[in-house]
Amino acid sequence: MKIFIENIVAAYKKKPKFDERRNSKWLLNFSYPKCQIHPDELLSLVCLEQQCKNMLFCCLCEHNGHNFKPLKVLLCEYEQEINEKSKQQPKPLDKNALIQRVMQEKNRQIQSLANLKQVLQNKIDLLTIQTEEFFLSLVNQIQNREEFNQDLQQYIDQISGSVGDPKLLQDSVKDLISNVRLDQQSDDQLSNEDAQKQLDLVMKEIDLNLQLLESAIFQQTDQKLEEMKKKKNTNIFVKITKFIFQPEFKHAQIDIKSSTIVKSQTQSSGYKFAVLTPQLSDSMITQFGFKILNVNSSNWVAVGICQLKVVESKQYGFQFSALGHGAYLVSSNGGSWSSSTQAQNNVVKAFKFGKGDQINCQYNPQAHQIMFSKTKIAQSYKIEVPKDIQGIHPCVLFYYANDEVEFVPPEKFK
C-alpha cells in the first residue's frame, strides 16, 4: 500500500501545469482500493507519519496515535499548492540552466579540493625533504665527531715527530690550526649512552609535533565532512536565510574557525565584535542561538544583536559606558547591554551562563524586542529595541583570549 500511495503522489506531480477543470475531474473519477482486512471498506485515509508501514487504511482499521487525512483532501491540498505556486511563479523553471549552474559549481568545488590536495602534497613533500636532511645532519654529526678525533690524533703525532725540525714543526702546527677548529666542537662531549638519550628527547618532540599536525588536519577534515553530510538534504527551492561569519565583519583579533564558529585570538584582552550576515528580517520573528564552546575562567562573553553600521564605525570595539554603542546583548556574568535604554545597559539583570550552555534568541521586530533564554532552564530576559532601528544582525562580543562561540541557525528551531 505504501508503494501505491507513493505512485499516486508521483503520478500527480508529473501532471502538466495546473488546469482546475481537468484536475477536479481527475479527483472525482479517482477510485479507492478496497481494504484487505475489511473488504467492504475503502482505503480512503492516509497516515501522515513518514515511518508508518501502513500509509493507507480504512475507517475501521486501528491506527491510533498518528495524524491522518482523507486521501482526496491530501491531493486537493497538493493541487492547491501547485495552483498557488503557479500564480507566484509566472515564469517557468529553466531546468537546464539551473542544472548547468549546479554542475558548474560542482566542478568548481571539485577543482578547489584538487588544488588543496596538491598544496597539501607539496607541503608534505617539502616536510619529507626537510626530515631527510635533518636525519642526514645527525649522521654527519656522528661521522664528523669520529673523524675529528682521528684527525686530531694524527696532527698531534705529526707535531710530536717534528720537534727536532723547526720548519717541519712550524708547518705541522700550522696544519693543526688550519684544519682542526676546537671552537666548533661542543665543550660537553657526551658519551654514546648520553647521546642515545639526547636523541630520544629530540625524537619525542618531533613525534609530538607530527601528532599535533595530524590531529589538526583530521579535525578540520572531519569538520568539513560533517558539514557536507548535513548539506545533503539542502533544498534550494526552499528559502532559507544562511547566517555566516565573514572576515570583513569582525575585529582583527577574532579568528573564524568555520562559517558559524568564531574564536578570540591569544593576544591581549579587549572588547571585540564578530557580526553575522545577512541582517535579520524587519518584518518577521527570527529565532537563533549561540552555543558557548569555551569561555575564560573570568567568564565574560556576550551574545545578541547589533546595528552593523554602528559597530563597524567603532572598528568593532565596544564602548559600553554610554548609550549608542549599537548592541543589545546579554553577557555570561548576567549582564544586560542596551544601546538605547539606560536602565538595561551595563547592569546585572539577566541570567548567567557558561561553557556548554546554549543561549536562544527570539528577535521580534514588530514587538520591538529581543528575548533571551537558556536551553533547559525556564528563565528568560527581554531587552527593548527602538521602533525605527534598522540593519540588525546577530553578533558575538568577546573580551578574553581563546573564548569560542558557535552560532545556532534559525532552521535548528523549526
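What you are looking at is a predicted structure, and each value in this text was computed from that prediction instead of being measured.

Looking along the chain, the bond that leaves T277 and enters P278 is cis, with omega of 5°. Here P278 is to be found in the loop between β7 (272-277) and β8 (286-294). Unlike most non-glycine residues, Y316 shows phi in positive territory, near 60°. The residue Y316 is located in the loop between α7 (308-313) and β10 (327-331) in this model. Taking the relative accessible area as the measure of exposure, Y316 reaches 6% and is therefore buried. The phi torsion at H368 lies on the positive side, around 60°, for a residue other than glycine. Residue placement: H368 occurs in the loop between β13 (358-364) and β14 (369-374).

It is worth spelling out the pattern of salt bridges at this point. Tallied over the entire structure, the rule returns 8 salt bridges. In this structure, K69 and E77 form a salt bridge, with 2.6 Å as the shortest nitrogen-oxygen distance. Judged by its relative accessible area of 34%, E77 falls in the partly exposed class. K382 is paired through a salt bridge with E384; the nearest N and O atoms lie 3.7 Å apart.

An order of β5-β6-β17-β8-β13-β14-β15 is seen for the 7 strands of this open sheet, with the pairing classed as antiparallel. The open sheet has two edge strands, β5 (254-258) and β15 (377-384), and neither has a second partner. Recorded for the sheet is a direction-independent mean angle of 25° between the axes of neighbouring strands. Of the strand pairs in this sheet, β8 and β13 are connected by 6 bridges, and their pairing is antiparallel.

Our focus in this paragraph is the layout of surface pockets. The volume enclosed by the largest pocket comes to roughly 2000 Å³. K224, E227, M228, K230 and K231 are, among the 43 residues lining the largest pocket, the residues nearest its centre. At the level of secondary structure, the elements contributing two or more residues to the lining of the largest pocket comprise α4 (95-160), α6 (192-230), β5 and β17 (404-408). Per-class residue counts for the lining of the largest pocket are 16 nonpolar, 11 polar and 16 charged.

A few words now on the environment of N54. Note that N54 resides in the loop between β1 (45-47) and β2 (56-57). Every residue in contact with N54, bar those within four places of it in the chain, is listed here: C47 and H63.

Take Q344: it is sitting in the loop between β11 (335-338) and β12 (347-348). Relative accessible area serves as the criterion here: at 11%, Q344 is assigned to the buried category. Setting aside its immediate chain neighbours within four residues, Q344 contacts S336, W337, S338, Y381, K382, I383 and E384.

What counts, and at which threshold
- Residues numbered from 1 in each chain as written.
- Predicted model: local features only at pLDDT ≥ 70, side-chain atom pairs only at ≥ 80, totals over all residues.
- Heavy atoms only, no water.
- Helix = DSSP H or I, 4+ residues; strand = E, 2+ residues; numbered from the N terminus.
- Buried < 20%, exposed > 50% of the residue type's maximum accessible area, 1.4 Å probe, protein only.
- Salt bridge = Lys/Arg side-chain N within 4 Å of Asp/Glu carboxyl O.
- Pairing = 2+ DSSP bridges.
- Axes fitted to C-alpha atoms, helices over the stretch in contact; angles between N-to-C directions.
- 1 Å grid on protein atoms, 1.4 Å probe; cavity = no way out; pocket = protein on both sides within 12 Å on 5 of 7 lines; lining within 4 Å.
- Points joined across faces, edges and corners; volume = space filled by probe spheres on them.
- Nonpolar A, V, L, I, M, F, W, Y, C, P; charged D, E, K, R; others polar.
- Contact = heavy atoms within 4.5 Å.

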